[in-house]
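Structural characterization, general
These are the residues of each chain, in order.
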Amino acid sequence: MGSPERRGAAGPAPRSPQEQSTAVAAARSLTRRALGSMDRGRAPGQRPSLSQQPGQRSSSVGSPVQKALRALTVPLETLQVLKGHMMQDMRKGLSRQMHAQATMQMLPTFICSMPDGTEKGDLLVVELCQSYVRTLCVTLFGDGNQRPQVMYKIFDLPLNIMQGKGEALFSFIAKCLRQFLAGFSSPQRRFPLGFVFPFSCKQTRLDKAELISWSKGFRCTGVEGKDVVQLLQSAINKEELYVDVVALMNDTVGTMMTSSKDDKACEVAIIVDTGTNSCFMAEAQLIEMVEETSGRMCVNTEWGCFGDDTTLSGIVTIYDQHVDKESSNPGKKRFEKLVGSLYLGEIVRHVLSALAAEKAIFTGSDARILRNKDVLKTHQVLEIINHEDGMAKTRSTLETLGLRPSERDCCRVQQVCRVVVSRSAALCAAGLAAILTHMCQSRELEQLSVNIGVDGELYRDYTRFGEILQSVTGLLAPECTITLLPSVDGTGRGAAIVAALALRLVEQRREVERLLSPLRLSHSDLQRVQALMRQEMDLGLGKETNARSSVRMLPTYVRATPDGTERGEFLALDLGGTNFRVLVVRVAEDSIRMASEIYVIPTSIIQGTGVALFNHIIECIMDFQLKQDLMEQILPLGFTFSFPCQQLGLDKAVLLNWTKGFSASGCVGQDVVQLLRDAAQRKEHFALNVVAVVNDTVGTMMSCGYDDPKCEIGLIVGTGTNACYMEEMRNVGTVEGNDGRMCINMEWGAFGDNGCLDHIFTTFDRMVDEKTINPGKQRFEKLISGMYLGEIVRYILLAMVEKQVLFHGKPCPKLQTKDIFQTKFLSTIEIDGLALRKVLAILRDLDLHASFEDSVLVREVCQTVSLRAAQLCAAGMAAVVEKMRENRGLDQLVVTVGVDGTLYKMHPHFSQNLQQTLRVLAPKCTVTFLQSEDSSGKGAALVAAVACRKAGP
C-alpha cells in the first residue's frame, strides 16, 4: 500500500561561466514568459516597491483584462525587495528580543540531526489531515530508507470532531489507532509513534509542543496553549495501547526528511498545498529562543503568516482582499492566501467575476454564479492550464458553471489562471531565495549547494510550477545551486524517519553519556581532589613524610619577589620543551628590555645523552652571545630548567626525573647547573656565571611579581603543568629556618602517582598513560596538560567509532595514529561561533569522513575533556590558596596568580572555566590571574637580579 514513488529531474550540475551565463539568460526568458512584462503601463525608470497601495498596479492604462493581469504579475525587482523583507523578518523571528515583532515565527523543531540511512525498525505514524486521519506502520530496514514497507489506513474525520472539544479529537485519533493496530499487531507489542500535526506549535522538545493556533478549518476547544503530544499520549493510554509518542512534526519537516539525493541530505523543504510552509536547517547559535548553541536545528518558518503586518500591501490586489475578507481568518496568513491551493481558485473566481462585471468576458452569459464562494476549485484551475487540450478543458469547466464562453473568453480565463498560479510560484521562489541566502551568509559560504524537498498539490499537479520555482530562485539567489527533489510520502515516511531518528539519537546519546560520564566531575568530586591535594602538600612539606607524597613540594631557595630596585644586564636560558631560548634582559628603572633567539633541540638529542644535550645548549648560548656582541662580558645568568629537581641551593638543583618527552641519559640524579658548567668547560666557554636555577613556574611568578606585588603564586598550563607559591618557612620541614617565606615548587604534575587519584582516572586516561615514555608517572599532568588532551580525545573518538555513534561506525585508520589529534585542535574546535564547516575541515584534513552531526559530537568530546582539565587545575589551585589563607590567619585572602602556558592562553574557555570553578571551591579567596609575558626568560633574569641585589655590591 502507500503512495507510489515520484521521480524528479536532477538539479543543475556545476557549470562553466559561459554555460552559466546562457543558463541565466534562459532563466530570465522563462521568468519573463511566466510572470509577464511590466514594461507596459509603467513610466521609464519606475521601480516597483512593496509600499504600493493595494490595486495600484491595476490602474494602468489598458483593457480590464490587461489591468487584471498586470495587477497579478510581480516583477523580478519586486521579488528581490520581497526577498529582503523576508530575510529581515526571519532574523527577527530567530531573535529573542525581536521575536514578538516577526510575522514569520521561525519555530524550533528540536530536530538537530539528519537521517543517515541506518534507521530501522517498525514505527507507527498518525497524520492529522484536513478531512481525515491517516494511520501508518512503516518498517525501515537500515538500507538508506530506500525501500520502506508501508501499511496504512484512512479514517474520515467528521466535522463535529474537527470543531468540537479537543478531548474528543484526540480520543477519536486514539480509537483510529486501536482499530488500525487490531489488524496486524499483537496486543502487548510496544511501538514508537511519530505524530504529524500540521499546525503552528511552540516546541520545547521533539516530543513536547504547545498548539499556538488552529487553521485549515479546525476549531477544537481546550487545545490551544496545551501540549498536543501529551493530549495524544493520554488518549492512547486510555485506550490501553502500548504506544509511545516520541516525536511531533509538521508535514514540511517530513518532506525534508524523505528527500535526499546521492547520499546528500536535504536541508530545506517547502510545501505548496492547501497551505504553504517551509523549513530549513539553521545554525543553532542563531536560534536565540532555545538554549542549544552547537550544531544546527531544523526551523519551521511558518512563512504562511508573512505579511500579516501589511508588508505585502504592494503585492496584494483587490481580488486578494476579497478572498481574505471571505476567509475564516481575515488579516491572517496573508502570504499563504497568495500562494496556497486553498485560495488560488477563489482568487481566479474573483478576477473572473470582476471582469464579467466590467463586460470584459462572458458578455452573452449570466455570470452571477461567479459570486458564489468555492464554485471554482484550484484543481480545476490547474486542469485548465495543465491539460493537453486546455481550451476544451476550459470550456467544459465554464459550461459546468452554466456559462457560455466564447473562444476569446476561454483564452482570457487561461491567462488569468496562469498568472495566478505563476505568481504563487514566484512568491514561493522569493521566500526560498531568502532562506538560501540566509543559510549561505550564516555559514559564511561564497557558494551554497543544497537539496530542497518539495511537496504539495501545486508542485505535483502543475509541471511548470517547479520550473518557475527553480528559475526565479536562481535569479534571486545566484550564489546558490539548488536541486528540487519531490518528496515521497513526506508526512508518512517522513514522520517514521523522524521517530526512528529520535530513537537512534536517544540510543546514541545514551552511549555517548556512558562514555563521557566518567570525565564529568561533580562538585563533590572536585572537593575530594582539592582535599587530596592539600593532604599531599602537607606530606610533601614534612621532613619525615616527604617521601610518601606524590607532590614533591621542592624548596627553590627563592626568598623574595622583585621590589623594583633591580638594575643591570642579565642572561637567561629557558629549557622546558623542544624549543630552547637564550635571552639578554636589561632591567632599568622604568622598563625591562629583552632580546632573544629560539633554538630547536632535535629529538635525537632530547632522547640521546646528557653530554650531547648540554653541549648543544652551550653552543646555542655561544651563538647568541656572538650575535649580541656579548662574548667579552660575564653576565649573571638565570637558568629556567622546567623539570622536577631537588634544589639544594639557588644555583644547585638535582634532576629527579625527566618529563615532557625528554630522556637524555646521565642526567637524573645530577646537578643540572654543574652539567651546564661542565659543558662550558668542554666547549672552552668561560664567560658563564650561573647564579640561579629556577623552573618555568617560579619564573612566571617572578615575572608577574615585577608588575604586581600581590603575585605570590605561579601556574603553568601548557605542554606540561605545575604550580609554585610562597610558603611560610615554619612549615617547610625540608629546609632549616623558620623566618620569612620561601617559594615552593610543587611539581604537582606528579600528583596521584601514589594512587590517590585512581578513582577519577578513566579507561581513556589509562590508555594514554600506558603509551607514554613514563607510564604511571606525572598522572595529574596527563589529565590536564596540552601534551595529552588531544590523545585523550583521540581514544574517546575511537571508542565512539567502535560503538557506532561516530563516523557511521566506519573504520578510521588515521585515527589509530598516536598524536594525530593535536591539542591545538581542541582550542580551534571549541571557539565560540566557529562555523561547524570549519570543524568539518579539521576532521577531513585528518582523513576523517565526518558528517555535520559528527562534528557536533567531536566538539562535545573536546569540551568535556578540556572542561575536566580546567576543573582539576582549579581544584589544585583551590588547595594552594586555601592553605595560604590559613597559614596567614586571614578571613579573606587577596592574591594574584602569575600564569603562563599555551593551553591557558590559547584555549577559548580554559581560563574562564578554571577561574569559575576556583571561585566555587575557594569562596574565601579573591584570586586574580595575571598572564605572564615571556615568564620563563624574564623570570629567570629577575631571579638572578634579585639574587644579585640580595648579595650586594
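Details of the structure are given in the entry above.
Notes on the structure follow. (Residues numbered from 1 in each chain as written. Predicted model: local features only at pLDDT ≥ 70, side-chain atom pairs only at ≥ 80, totals over all residues. Heavy atoms only, no water.)

Digging into the sheet that holds strand β26 (residues 893-900)
Spatial ordering of the open sheet is given by β15-β25-β24-β23-β26-β27, a layout of 6 strands whose pairing is mixed. With one partner strand each, in any of the chains shown, β15 (554-555) and β27 (925-931) form the two edges of the open sheet. Alignment of strand β23 (residues 711-717) against β26, held across 5 bridges, turns out to be parallel. When the bridges of β26 are listed, cysteine 711 appears paired with threonine 896. Helix-sheet contacts for helix α21 (residues 696-707) involve β23, β24 (721-728), β25 (741-745), β26 and β27, and the interaxial angle to β23 is about 135°. (Pairing = 2+ DSSP bridges. Helix = DSSP H or I, 4+ residues; strand = E, 2+ residues; numbered from the N terminus. Contact = heavy atoms within 4.5 Å. Axes fitted to C-alpha atoms, helices over the stretch in contact; angles between N-to-C directions.)

Observations regarding helix α27 (residues 852-887)
For an α-helix, 3.6 residues make a turn, and residues three or four places apart therefore share a direction. Between the first and last C-alpha of α27 there are 53 Å, a value that for 36 residues agrees with the 52 Å anticipated at 1.5 Å per step. The element α27 is extensively covered by neighbouring structure, given that 31 of its 36 residues are classed as buried. (Expected span 1.5 Å × (residues − 1). Buried < 20%, exposed > 50% of the residue type's maximum accessible area, 1.4 Å probe, protein only.)

With respect to empty space enclosed by the protein
Where empty space is left can be seen by rolling a probe of water-molecule size over the atoms. Under the criterion given, the structure shown has 6 cavities of 30 Å³ or more. The computed volume of the largest cavity comes to approximately 90 Å³. If you go around the largest cavity, you meet 13 residues; those closest to its centre are Thr109, Gln203, Leu248, Asn250 and Asn300. Considered class by class, the residues forming the lining of the largest cavity number 9 nonpolar, 4 polar and no charged. Computed from the structure, the second largest cavity encloses a volume of approximately 80 Å³. Sorting the residues of the lining of the second largest cavity by element identifies β15, β20 (645-649) and β22 (689-694) as the ones contributing at least two each. Class assignment of the residues belonging to the lining of the second largest cavity gives a composition of 8 nonpolar, 4 polar and no charged. (1 Å grid on protein atoms, 1.4 Å probe; cavity = no way out; pocket = protein on both sides within 12 Å on 5 of 7 lines; lining within 4 Å. Points joined across faces, edges and corners; volume = space filled by probe spheres on them. Nonpolar A, V, L, I, M, F, W, Y, C, P; charged D, E, K, R; others polar.)

Brief notes about the pattern of salt bridges
If you walk through the whole model with that rule in mind, you get 55 salt bridges. Here arginine 349 ties to glutamate 326 by a salt bridge, and the two come within 3.0 Å at their closest N and O atoms. Of the two residues, arginine 349 is situated in helix α10 (residues 341-357) and glutamate 326 in helix α8 (residues 318-326); the sequence distance between them amounts to 23 residues. Notably, a salt bridge pairs glutamate 860 with arginine 509, separated by 2.7 Å at the nearest N-O pair. A residue pair is termed long-range when its members are at least 10 positions apart, and glutamate 860 in helix α27 and arginine 509 in helix α16 (residues 492-516) qualify at 351 residues. According to the relative accessible area criterion, glutamate 860 is buried, its value standing at 15%. We classify arginine 509 as partly exposed; its relative accessible area is 34%. Through salt bridges with shared partners, one network takes in Glu712, Glu728, Arg730, Arg741 and Arg888. (Salt bridge = Lys/Arg side-chain N within 4 Å of Asp/Glu carboxyl O.)

Observations concerning the sheet that holds β22
Read across the sheet, 5 strands follow the order β18-β17-β16-β19-β22 without closing on themselves; strand pairing throughout is mixed. Edge positions in the open sheet fall to β18 (592-600) and β22, since each of these has one partner strand only. Recorded for the sheet is a direction-independent mean angle of 20° between the axes of neighbouring strands. As paired strands, strand β17 (residues 579-587) and β18 are joined by 9 bridges and run antiparallel to one another.

Some details on the pairing of strand β8 (residues 243-249)
When a strand is regular, its side chains alternate between the sheet's two faces. Summarising burial for β8: 6 of the 7 residues are buried, a large majority. The pairing of strand β5 (residues 191-196) with β8 spans 6 bridges and is parallel. Bridging from a neighbouring strand, phenylalanine 195 pairs with leucine 248 of β8.

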